[in-house]
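A closer look at the structure
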Amino acid sequence: MSVESLKQQIAREFGTPAVVIDLDIVERNIARVQAACDEAGVANRPHIKTHKSPVLARMQRDAGARGVTCQKLGEAEVMAEAGLDDILISYNLYGSQKMGRLGALLRRANVTVSADNPVVIENLTEAAAVAERTLPVVVECDTGRKRAGVETPGEAVELAKLIAGLPGLEFAGFLFYPTEQSWPETQRFFDAARAGVADAGLEARIVSTGGTPNLINLGKLEGATEHRAGTYIFNDRMMMACGAATLDDCALSVYATVVSRAAPERGILDAGSKTLTADPGGGLDGFGLILEHPQARISAFAEEHGFLDLSACNERPNVGDVVRIIPNHVCVVVNMVDEMIAVRGGEVVDVIPVAARGKLT
C-alpha cells in the first residue's frame, strides 16, 4: 500500500489525530540497541516510560532484554500484571498508600527500587513488611544532571549502610543517569562509592546507567552492569537533534489533518497541545517535523489546534490533506492516547493499547 493510501485508510477507519507506529522500524531499533548492549557487556533494561505497553515490553524482553525499568509504581503494576517479572523502579517512592501497593507488587514479581534519601529508604521497610519479602534498593547518584540523586560518594555509602541495616531491605547497588559529557565524573564517583561500600562489607551487584543519548557511552563506565534506555524504541526530534537517531530510526508519527487554510501563509492541524504536547524539545524550532512539508513550522498550539506557519513552503498543504508528524518528545505524546495503530510494510496490522497510560502514581 502506498503512503498516501495508508494515510487515507487510517483517517477513514480511525480518524485523526492518530498515533501510528511502524513495527519494522520498532524491531530494528530493538535489535540495534540490544546488540549494542551485548557488545558492551551490559544488560539491557529498557525503560517502558516511552511506550507504556506490555506488548512492546515483551518484544524487548524476547530480543534479549533483562527485565524492564519503570518510572512510576503504576507502570510497574501494569507490567507485572502482563507477566513482566524483573522490574526496576527508578524513582523515589513515598507514602503508606504506595508502600501497600509496592508490598503487594513485591509478592508477585521481582522488584528493585531506587532511593536517594533516608526518609524514602526508611518508609520502604513498610513495603517489605507487607510483602514479607526482602526488597532490593539501589542508591540513586547524581553526577551532573542535577535532577535526583545524592551528590557525593560519601552520601551514597551512608545510604547503602542505612539500607543494609534496616529490616526487610537489601542494598543492591547504584543507579546513575549521567549527562552525555559527565561519564569521567561518574567513573570517579562510582569508584569512590564502590570502595566505600566494600569497606563496609557490602557489594554493588547492580550498577545501572541510563538514557538513549548515552547509548554512545555504553561500555565507558567500568563496572556498569546494565543500561536503561527508553526513547530509542520510537525516537523523536530530540533524539535526532542529539545524534542518537536519524529520521529513518523514527518509528512513531502522528497522523493529522489540515482542517483550515484561512490565509495563504497559515493553516490549522487537528492536532494541538492535547496530542503533540507543548514540549519544546530542548529548544527545537517548532513542535514537530511534518514529513510531507519539512519547511512548514508547527509554530504554536491551542488545545485542539496546531498552528501552521507556511511562509517558508513552496508547496503548501490543502484542507483535507493528511500529514505525518515526528513529535519533539515522543514519550509525552504516547501518554496522551489510549492506543497506537501498528503498521508493517505499509499495512495496518494491529492496534496496541497504551496500557500504562496515565499511571502517574
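Our subject is the structure listed above.
Not measured: the values here are computed from a predicted model. Counting from 1, residues in each chain are numbered in the order their sequence is written. Confidence filtering applies because this is a predicted model: local features only for residues at pLDDT of at least 70, side-chain atom pairs given and counted only at 80 or more, and all residues used for totals across whole chains, interfaces and linings. Note that the side-chain values use all heavy atoms of the structure and ignore hydrogens as well as water.

By definition, any uninterrupted DSSP run of H or I lasting at least four residues is a helix, any uninterrupted run of E lasting at least two residues is a strand, and each is numbered from the N terminus. A count of helices and strands for the protein chain gives 10 helices and 17 strands. Its C-alpha atoms give the protein chain a radius of gyration of 22 Å, near enough to 21 Å, the size a compact globule of 361 residues would have. Across its three principal directions, the C-alpha atoms of the protein chain cover 70 × 40 × 35 Å. Buried residues are those whose accessible area, probed at 1.4 Å on protein chains only, stays under 20% of the maximum for their type, while exposed residues exceed 50% and partly exposed ones sit between those limits. The proportion of buried residues among the 361 residues of the protein chain is 52%. Carbon and sulfur atoms make up 49% of the accessible area of the protein chain, which totals about 14600 Å². Taken over C-alpha atoms, the radius of gyration is set against a globule rule of 2.2 Å times the number of residues to the power 0.38. Throughout, the Shrake-Rupley method with a 1.4 Å probe supplies accessible areas, and for residues the shown protein chains are the sole cover considered.

We count a salt bridge whenever a side-chain nitrogen from Lys or Arg sits within 4 Å of a carboxyl oxygen from Asp or Glu. Summed over all chains, the structure comprises 23 salt bridges. With a closest N to O distance of 3.7 Å, Asp309 and Arg297 form a salt bridge. Residue Asp309 is found in strand β14 (residues 306–309), and its partner Arg297 is found in strand β13 (residues 297–301); the two are separated by 12 residues along the sequence. Classification of Asp309 as partly exposed rests on a relative accessible area of 23%. Connected through shared salt-bridge partners, Glu4, Lys7, Glu292 and Arg324 make up one network.

Let us look at the sheet that holds strand β4 (residues 86–89). When DSSP finds two or more bridges between two strands, those strands count as paired. As summarised here, the arrangement of the 8 strands in space is β2-β9-β8-β7-β6-β5-β4-β3, forming an open sheet in which the pairing is parallel. Two strands close off the open sheet at either side, each with one partner strand: β2 (43–44) and β3 (68–70). Sheet contacts for helix α4 (residues 73–81): β3 and β4; angle to β4, the most-contacted strand, approximately 175°. Relative to the sheet, helix α8 (residues 183–199) contacts β6 (135–141), β7 (169–176) and β8 (206–210), its axis offset from that of β7 by approximately 160°. We call two residues in contact when some of their heavy atoms are within 4.5 Å. Axes, fitted as lines to C-alpha atoms, cover a helix only where it is in contact. Angles between the N-to-C directions of the axes lie from 0 to 180 degrees.

With that settled, the discussion passes to the pairing of strand β1 (residues 18–22). Within β1, 4 of the 5 residues are buried, which leaves it mostly tucked inside the rest of the structure. In this structure, β1 lies alongside strand β10 (residues 252–263), joined through 4 bridges in antiparallel fashion. Bridge pairing in β10 places Val19 opposite Val254. In this sheet, strand β16 (residues 339–344) lies alongside β1 in parallel orientation, the contact comprising 3 bridges. Considered in β16, the bridge of Asp22 is made with Val343.

To continue, consider the state of the cysteines. Disulfides are defined in this document as cysteine sulfur pairs within 2.5 Å. For the structure on display, the rule yields 0 disulfides. Free of any disulfide, Cys70 has its nearest cysteine sulfur in Cys331, 13 Å distant. Classification of Cys70 as buried rests on a relative accessible area of 0%.

It is worth spelling out helix α6 (residues 118–131) at this point. Expected span, for any helix, means 1.5 Å times one less than how many residues it has. Here α6 is 14 residues long and its end C-alpha atoms lie 21 Å apart, about the 20 Å a rise of 1.5 Å per residue gives. Every buried residue of α6 is accounted for by Val120, Ile121, Asn123, Leu124, Thr125, Ala127, Ala128 and Ala131. Packing partners of the buried residues in α6 comprise α5 (96–108), β5 (110–115), β6, α7 (153–165) and β7. Counting of polar contacts relies on pairs of N or O atoms within 3.5 Å, with two restrictions inside protein: one atom must be capable of donating a hydrogen and the other of accepting it, and residues adjacent in sequence are counted only when both atoms are side-chain atoms. The opening residue of α6, the one whose side-chain oxygen lies 3.2 Å from the backbone nitrogen of Val119, is Asn117. Of the residues one or two after α6, Glu132 is the one with positive phi, at around 55°.

In short, shape yes, function no, at least from these values alone.
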